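Tertiary structure, described
Spelled out, the chains give:
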Amino acid sequence: MASLFFNTKNYLNQEDGCMNFLAVEKENLQVEYIGRGRDDLEAASIRAAMPIAPIPVPISYFEAKVSDSGRDGYMSVGLMTKRCQLDKLVGWGVGSVGYHGDDGNLFMGNGIGKPYGPLYSKGDTVGCGIDWLNDQVFFTKNGAMISAVKSPFSQEEEVYPAVGLRTPRERFLLNFGRKPFKFDI
């Protein structure tokens, strides 16, 4: 059986987030969009403080519960490197992969999404993991596996959990393993 990694001490990093549009609360585990959300130029992402990879275990995972899908639900969950810009939703920038709630598309380093999974909104829990043994990134929704895709990351890169928001009142509560996950990893 493969080893798993959950950094229960991880939290959202307010030092490098796009904080002009975001507010972080609840022990640095909850993020809310506080900007006007007029267009894609006002999108904002935030990374975790500590990477989930590279590490000496083959699988890493985290979950983000949608506390509120806000005005439009333009939300994203995924992974990114330090080089990825934070003024975009996760998946839109080079060095990131993101699953978006408003259209169910998967974005891998650019603004062109591909159909991937079901939409998600208030009350849903979206999980994201990386499986280094199989070179895959995978996503879950409410405890069920959606599917896995080829990882865009090299095993030498530091990869961070990340979420992105774009319209007022959108809110995520992140779980890095402090509480049981919905998905039976």
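Residues numbered from 1 in each chain as written. Predicted model: local features only at pLDDT ≥ 70, side-chain atom pairs only at ≥ 80, totals over all residues. Heavy atoms only, no water.

A large share of strand β11 (residues 136-141) lies buried, amounting to five of its six residues. Pairing of strand β10 (residues 125-131) with β11, which is carried by six bridges, proceeds in the antiparallel orientation. Looking across to β11, one finds that Ile-130 is bridged to Val-137. Hairpin connection from β10 to β11: four residues lie between these consecutive antiparallel strands, with Asp-135 at a positive phi of about 55°. (Buried < 20%, exposed > 50% of the residue type's maximum accessible area, 1.4 Å probe, protein only. Helix = DSSP H or I, 4+ residues; strand = E, 2+ residues; numbered from the N terminus. Pairing = 2+ DSSP bridges.)

Turning to the packing of aromatic side chains, a few remarks are in order. According to the stated counting rule, one finds 11 aromatic pairs in the structure shown. The ring of Tyr-160 is capped by Lys-82, whose NZ or CZ atom sits 5.3 Å from the centre of that ring. (Phe/Tyr/Trp six-rings, centres within 6.5 Å; stacked < 30°, edge-to-face > 60°. Lys NZ or Arg CZ within 6 Å of the ring centre and 35° of its normal.)

This next bit is on the nonpolar core. Val-31, Val-77, Leu-79, Val-137 and Phe-172 are the most contacted members of the largest nonpolar core, which has 42 residues in total. Apart from residues no more than four positions distant in its own chain, Val-31 is found in contact with Leu-12, Leu-22, Ala-23, Val-24, Ile-46, Val-163, Leu-165, Glu-170, Arg-171 and Phe-172. In terms of nonpolar packing, the next biggest core, distinct from the first, is built from five residues, Ile-59, Tyr-61, Phe-181 and Phe-183 among them. (Core = buried A, V, L, I, M, F, W, Y, C linked by side-chain atoms within 4.5 Å. Contact = heavy atoms within 4.5 Å.)

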